[in-house]
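Geometric and topological summary
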Amino acid sequence: MESNGRYYMRRAAFEAAAARQAVTPEAAMRRQALAENFARKARELCA
């Protein structure tokens, strides 16, 4: 089973990639915000 920290890092990477490929600036901003939130949660769990 995948750890929470690992899950959040995987989701952060996925959302960052989706932000780079987003069609509209608004979608890119939403995806980037999600990526940052997931990365923050991963850092909190791994600290």
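These notes cover the structure that comes with them.

**Regarding the overall build of the chain**
- A count of helical and extended segments in the chain gives two helices and zero strands.
- Here the chain, with 47 residues, has 26% of them falling under the buried criterion.
- Just so you have it, the chain exposes about 3700 Å², and 56% of that area is on carbon and sulfur atoms.
- Mean positive and mean negative side-chain charge positions of the chain (9 and 5 charges, respectively) differ by 4 Å.

**Some thoughts on the packing of helix α1 (residues 4-21) against helix α2 (residues 25-46)**
- Running from amino to carboxyl end, α1 crosses α2 at an angle of 160°, the nearest separation of the two axes being 8 Å. Classed by the angle they form, the pair α1 and α2 counts as roughly antiparallel. Read as a crossing pair, α1 and α2 show a hand that is left-handed. The residues of α2 that touch α1, namely those facing N4, G5, Y8, M9, R11, A12, F14, E15, A16, A18 and A19, are A28, R31, Q32, L34, A35, F38, A39, K41, A42, L45 and C46.
- Tallied by class, residues from the contact of α1 with α2 come to 15 nonpolar, three polar and four charged.

**Observations concerning the nonpolar core**
- Among the nonpolar cores identified, the biggest contains five residues, and these are Y8, A12, F38, A39 and A42.
- Those elements that provide at least two residues to this core are α1 and α2.
- In terms of residues, this core owes the most to one element, α2, which gives three residues.

**A short note on the pattern of salt bridges**
- The tally for this structure, following the rule as stated, stands at four salt bridges.
- Linking E2 and R10 is a salt bridge whose minimum nitrogen-to-oxygen distance equals 2.9 Å.
- Under the relative-accessibility criterion, R10 is labelled partly exposed at 45%.
- Several salt bridges converge on common partners, so that one network encompasses R11, E15 and R31.

Calculation notes
Numbers given to residues run from 1 along each chain, matching the order in which its sequence is written. It should be noted that, the model being predicted, local features are given only for residues of pLDDT at least 70 and side-chain atom pairs only at 80 or more, the latter also being counted only at that level, while totals for whole chains, interfaces and linings use all residues. The side-chain figures draw on all heavy atoms in the structure; neither hydrogens nor water molecules are used. Starting at the N terminus, helices and strands are each numbered in turn, a helix being any DSSP run of H or I of at least four residues and a strand any DSSP run of E of at least two. Working definition: with a 1.4 Å probe on protein chains only, accessible area under 20% of the residue-type maximum means buried, over 50% means exposed, and in between means partly exposed. Here the accessible surface of atoms and residues is derived via Shrake-Rupley with a 1.4 Å probe, and residues count as covered only by protein chains that are part of the display. Two residue types count as positive, namely Lys and Arg, and two as negative, namely Asp and Glu; His and chain ends fall outside the count. Working definition for charges: the position is that of NZ of Lys, CZ of Arg, CG of Asp or CD of Glu. Axis definition: a line fitted to C-alpha atoms, limited for helices to the stretch in contact. Angles are taken between N-to-C directions and run from 0 to 180 degrees. Angular relationships are summarised with four words: roughly parallel below 35 degrees, roughly antiparallel beyond 145, roughly perpendicular across 65 to 115, and oblique for the angles in between. By definition, any crossing whose near helix is turned counterclockwise from its far helix by less than a right angle is left-handed, and any crossing with a clockwise turn is right-handed. In this description, contact between two residues means that some pair of their heavy atoms is separated by no more than 4.5 Å. Any residue that is not Ala, Val, Leu, Ile, Met, Phe, Trp, Tyr, Cys, Pro, Asp, Glu, Lys or Arg is counted as polar, Gly included; the first ten are nonpolar and the last four charged. Buried Ala, Val, Leu, Ile, Met, Phe, Trp, Tyr and Cys residues that are joined via side-chain atoms within 4.5 Å together make up what is termed a nonpolar core. Here a salt bridge means any side-chain nitrogen of Lys or Arg lying within 4 Å of a carboxyl oxygen belonging to Asp or Glu.

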